[in-house]
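Given next are the chains, with one letter for each unit.
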Amino acid sequence: MALLDENIVKQLKGFFDKITEDIKIISFLGENDKSKELDSFLNEVADISDSLKYESYMFGSNNELEELYGIKRETAFTLVKNNEKTGINFFGIPGGHEFNSFVLAILNLAGLGKKLDTDKADEIKGISKPLDIEVFVSLSCTHCPDVVQALDSIALYNDNITVSMIDSGIYPEEAKLKDIQAVPTVFINNKLASIGAKTFDELLEIAKNS
């Protein structure tokens, strides 16, 4: 059974066929049903266009890759451009409002999305400290995609930054452990950094001061 609507596939093909970069989706799966669903979902996305490649691993089977991409949980995937890590990860299945975050991340990597102005790009490049940014979301949250997309844009301009969207519904025990009661909740290097809606400029300031 197809997970993607036929009209959405047609629209995405129009965008993805313009990609000239080598964009690859690499997943890290478990034995659970959500991992199987994620695998099917990513296969469907990759089948839309020859411009996208997809490969999968069982979580725990390639520790070197997991460490390289910052993959700490199963049922996850990362985006790779020209065989280089991009720092953009998704933990869970980016459906609901986060589907747009996933698609925009691909288009931005391909140079087909909105570009930041030079001053903002230089600010981001000036961040020298490694930042591991985790955004806990709910797929029904309307503010979450804005935060995820803004942080993904920041990651594109700095190799020291990794941004991970984490669906709290897929990892309820971790969400409970971290006492997440509202989304989006942002952690930077395992420290609580932000809760709720934030603008791009606010998130950039938070990142710079972390």
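See above for the structure.
What counts and what doesn't
Residues numbered from 1 in each chain as written. Predicted model: local features only at pLDDT ≥ 70, side-chain atom pairs only at ≥ 80, totals over all residues. Heavy atoms only, no water. Helix = DSSP H or I, 4+ residues; strand = E, 2+ residues; numbered from the N terminus. Rg over C-alpha atoms; globule rule 2.2 N^0.38 Å. Buried < 20%, exposed > 50% of the residue type's maximum accessible area, 1.4 Å probe, protein only. Areas by Shrake-Rupley, 256 points an atom, 1.4 Å probe, with all protein chains shown as cover. Core = buried A, V, L, I, M, F, W, Y, C linked by side-chain atoms within 4.5 Å. Axes fitted to C-alpha atoms, helices over the stretch in contact; angles between N-to-C directions. Parallel < 35°, antiparallel > 145°, perpendicular 65-115°, else oblique. Left-handed = near helix turned anticlockwise from the far one by under 90°. Contact = heavy atoms within 4.5 Å. Nonpolar A, V, L, I, M, F, W, Y, C, P; charged D, E, K, R; others polar.

(A) Looking closely at the overall build of the chain. Per the secondary structure count, the chain includes eight helices and eight strands. At 16 Å, the chain has a C-alpha radius of gyration in line with the 17 Å of a compact globule built from 210 residues. Projecting the C-alpha coordinates of the chain onto the three principal axes gives extents of approximately 45 × 40 × 35 Å. Counting only residues that meet the buried cut, the chain has 48% of its 210 residues in that class. Just so you have it, the chain exposes about 10500 Å², and 49% of that area is on carbon and sulfur atoms.

(B) Here's a closer look at the nonpolar core. Phe16, Leu79 and Phe102 are the most contacted members of the largest nonpolar core, which totals 51 residues. If you look at the next biggest cluster of nonpolar residues, it comprises 15 residues, including Ile26, Ala175, Ile180 and Phe187.

(C) A look at unusual backbone geometry. Residue Pro184 is bonded to the preceding Val183 through a cis peptide linkage, with omega at 0°. Tracing the chain through its elements places Pro184 in the loop between α7 (172-177) and β7 (185-188). Notably, Asn83 is not glycine yet its phi reads approximately 65°, a positive angle. Tracing the chain through its elements places Asn83 in the loop between β3 (76-81) and β4 (84-91).

(D) Looking closely at the packing of helix α1 (residues 6-16) against helix α4 (residues 98-109). Close contact between α1 and α4 brings their axes to 11 Å; oriented N to C, the two are set at 20°. Here α4 runs roughly parallel to α1, going by the angle between their axes. Every pair of crossing elements has a handedness; the one defined by α1 and α4 is right-handed. Contact residues: α1 offers Ile8, Leu12, Phe15 and Phe16, while α4 offers Phe99, Val103, Ile106 and Leu107. When grouped by side-chain class, the residues that make up the contact of α1 with α4 number eight nonpolar, no polar and no charged.

(E) Summary view of the environment of Phe16. Structurally, Phe16 can be placed in helix α1. Overall, Phe16 belongs to the buried group, its relative accessible area being 1%. Note: C-alpha distance between Phe16 and Ile48 (32 residues apart in sequence) is 7.7 Å. Dropping the residues within four chain positions of it, Phe16 is found in contact with Val45, Ile48, Ser49, Ser51, Leu52, Val103, Ile106 and Leu107.

Scope: geometric values only; no functional claims are made or implied.
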